[in-house]
Structure formats: C-alpha cells, structure tokens
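The residues making up each chain are set out below.
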Amino acid sequence: MDFLQSLLGAIRPPEWVVDELQNRVVLFLNHVLMQEKAAQDRLRRQKGKPVRIQWGDFHLTLAPSAAGLLERCAPDATPELSVTLTQRSPLALAQSVLAGQKPGVDIQGDVQLAAEVAWLVDNVRWDVEEDLSRIVGDATAHTLARFAQSAAQAVKAFVARMPGGRAPRAASSGDASAPARADGPAA
C-alpha cells in the first residue's frame, strides 16, 4: 500500500493537462452553482476575492464573478482565503470522503469569505439525477441514481471495514468500550 501511495505521489502530469483539468473543474463547479440561486447570490457578495485551494503541489485559485459564478485567477493573484487539504495521501483522502467524512483542511484568511465557502460546501450539491434525466429520461435516471447510491453505500461499508479505514461507530448502548459492529453501515 505504501508503494502505491509513493508511486501516486511521484507521478506528475504535464502542465497542459493540469491546466485543462482546472478549466474542467471550474466548468463543473459553475454548472452546479447555476442550479442554486442562493449560492450565486452569496458569491456575488464576494465578487473578485481570490480563494486558493491547495492539495500538496496542486493548487487552483478561483474568484467569484459578478454573475455569482467562479472564474480562474491569474497564478500570481494574492488569495484572500487559502484552503489547504491536510491529508497528503490520495488513498487516505479517498477513504475519508467515501466514509462520509469531510477531509481535514487548514483555512486562513478572510473570515466572511470563509463562512460563505463553508456554506457552499455544506449546502450546494450536484443533482446527478436531474442531469441524467435530460439525457436518458426520468425513469432511467432514477434507477441509475438508486443503483449508484446503493453502490456508494457498499463502498463506504467496505472502506469502514478496511484495517486502515475508518471504523464504524460503537454500538448505541452508550458504552464507549463496546466493540464496533462490522456488519453495519459506515457512520
């Protein structure tokens, strides 16, 4: 497992690939934001304030636009808010996300901007089923979404049972020393 993590850490994609991926991330985030008027209103109030998101050597600096969407900033833009993912290992990050945990972050900068970003993270969700229904119809989209939800729950349960994964919560008897159930869903 350590070999795999070190290998993933050593792979560096070409700069043009990173640039294109960042453009795609911005397009995706704006697609999600366009479905949430409240999110756009909150972002409009923070217009032009750069936010730098960093994970290891990879970073992306975004700023809210007048339309309430996000745009990439110049690489030398001074961020008013820095959000750094503290989990360096891609595997540990994936495990925590799949277990339903928020990844560890270090946040520094403008408090009001941080509050708006936190609200967006907590309240804005991609409606996958709605997007699928535009392509395959409502019934098929609903079936696919239910299947994906079941698969995600199975993956979460699997990750929770892994030796390095997050252990499920103890039985609800109130005894903190009670052994964790291996057959229950990840909490």
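As shown above, the structure is provided for reference.
All values derive from a computational prediction rather than experimental measurement.

*Asks:* Which residues make up the overall build of the chain, and what values go with them?
*Replies:* When its secondary structure is counted, the chain shows seven helices and five strands. Out of the 187 residues in the chain, the part that is buried amounts to 25%. By element, 60% of the accessible surface of the chain is carried by carbon and sulfur atoms, the whole surface being about 12300 Å².

*Asks:* Account for the pattern of salt bridges, with residues named and values stated.
*Replies:* Following the criterion strictly, the structure yields seven salt bridges and no others. The shortest N-O distance in the salt bridge between arginine 72 and aspartate 19 comes to 2.8 Å. Of the two residues, arginine 72 is situated in strand β3 (residues 70-72) and aspartate 19 in helix α2 (residues 15-33); the sequence distance between them amounts to 53 residues. Arginine 72 sits in the partly exposed class, given a relative accessible area of 32%. The closest approach of N and O atoms between arginine 24 and glutamate 20, which form a salt bridge, is 3.0 Å. In this pair, arginine 24 and glutamate 20 both sit in helix α2, four residues apart, roughly one turn of the helix. Residues joined by salt bridges that share partners form a network here, namely Lys37, Asp41 and Arg44.

*Asks:* I'd love a proper account of the pairing of strand β2 (residues 58-64), names of residues and values included.
*Replies:* Taken residue by residue, a regular strand's side chains alternate between the two faces of the sheet. The buried count for β2 comes to five of seven residues, which makes it a mostly enclosed element. Where strand β1 (residues 51-55) lies against β2, five bridges are found, and the strand directions are antiparallel. Its bridge partner lying in β2, isoleucine 53 is registered against leucine 60. The antiparallel hairpin formed by β1 and β2 contains two residues in its connecting segment, where glycine 56 sits at a positive phi of about 65 degrees. Pairing analysis gives three bridges linking β2 to β3, with the strands arranged antiparallel. Its bridge partner being in β3, alanine 63 is matched across the sheet by glutamate 71. In this structure, the hairpin formed by β2 and β3 is closed by a connection of five residues, where glycine 68 is found at a positive phi of approximately 85 degrees.

*Asks:* Can you break down the environment of aspartate 106 residue by residue, with the values?
*Replies:* Looking at the element boundaries, aspartate 106 is found in strand β5 (residues 105-109). Ignoring any residue separated from it by four or fewer positions in sequence, one finds aspartate 106 in contact with Ser82, Val83, Thr84 and Thr86. Of note is the side chain of aspartate 106, whose polar atom sits 3.1 Å from the side chain of glutamine 108.

*Asks:* Mind laying out helix α3 (residues 37-44), listing which residues take part and the relevant values?
*Replies:* Given 3.6 residues per helical turn, the α-helix brings residues three or four places apart onto the same face. For α3, the complete set of buried residues consists of Ala39, Gln40 and Leu43. Buried residues of α3 fall within an arc of 100 degrees about the axis and therefore sit on the same side. On the buried face of α3, the contacting elements are α2, β2, β3 and α5 (111-123).

*Asks:* Residue-level account of the packing of α3 against α5, with values.
*Replies:* Put simply, α3 and α5 touch, their axes get as near as 10 Å, and they point 165 degrees apart. Put simply, α3 runs roughly antiparallel to α5. Relative to α5, α3 is oriented so that their crossing is left-handed. When α3 is examined against α5, the residues Ala38, Ala39, Arg42 and Leu43 are found in contact with a partner set consisting of Glu116, Trp119 and Leu120.

*Asks:* Tell me about the layout of surface pockets, residues and numbers included.
*Replies:* In this structure, the largest pocket occupies an estimated 2100 Å³ of space. Lining of the largest pocket is provided by 49 residues; of these, Leu29, Ile53, Leu85, Pro103 and Val121 occupy positions nearest its centre. If you list the elements that add at least two residues to the lining of the largest pocket, you get α1 (2-10), α2, β1, β2, β4 (81-85), α4 (90-98), β5 and α5. Taken together, the residues that form the lining of the largest pocket break down as 36 nonpolar, six polar and seven charged. In this structure, the second largest pocket occupies an estimated 300 Å³ of space. Considering the residues around the second largest pocket, the lining is formed by 14 residues, among which Glu15, Val18, Gln22, His59 and Arg72 are closest to the centre. Of all the secondary structure elements, the ones that give two or more residues to the lining of the second largest pocket are α2 and β2.

Rules of the game
- Residues numbered from 1 in each chain as written.
- Predicted model: local features only at pLDDT ≥ 70, side-chain atom pairs only at ≥ 80, totals over all residues.
- Heavy atoms only, no water.
- Helix = DSSP H or I, 4+ residues; strand = E, 2+ residues; numbered from the N terminus.
- Buried < 20%, exposed > 50% of the residue type's maximum accessible area, 1.4 Å probe, protein only.
- Areas by Shrake-Rupley, 256 points an atom, 1.4 Å probe, with all protein chains shown as cover.
- Salt bridge = Lys/Arg side-chain N within 4 Å of Asp/Glu carboxyl O.
- Pairing = 2+ DSSP bridges.
- Contact = heavy atoms within 4.5 Å.
- Polar contact = N/O pair within 3.5 Å; in protein donor to acceptor, adjacent residues only side chain to side chain.
- Arc of directions from axis to C-beta.
- Axes fitted to C-alpha atoms, helices over the stretch in contact; angles between N-to-C directions.
- Parallel < 35°, antiparallel > 145°, perpendicular 65-115°, else oblique.
- Left-handed = near helix turned anticlockwise from the far one by under 90°.
- 1 Å grid on protein atoms, 1.4 Å probe; cavity = no way out; pocket = protein on both sides within 12 Å on 5 of 7 lines; lining within 4 Å.
- Points joined across faces, edges and corners; volume = space filled by probe spheres on them.
- Nonpolar A, V, L, I, M, F, W, Y, C, P; charged D, E, K, R; others polar.

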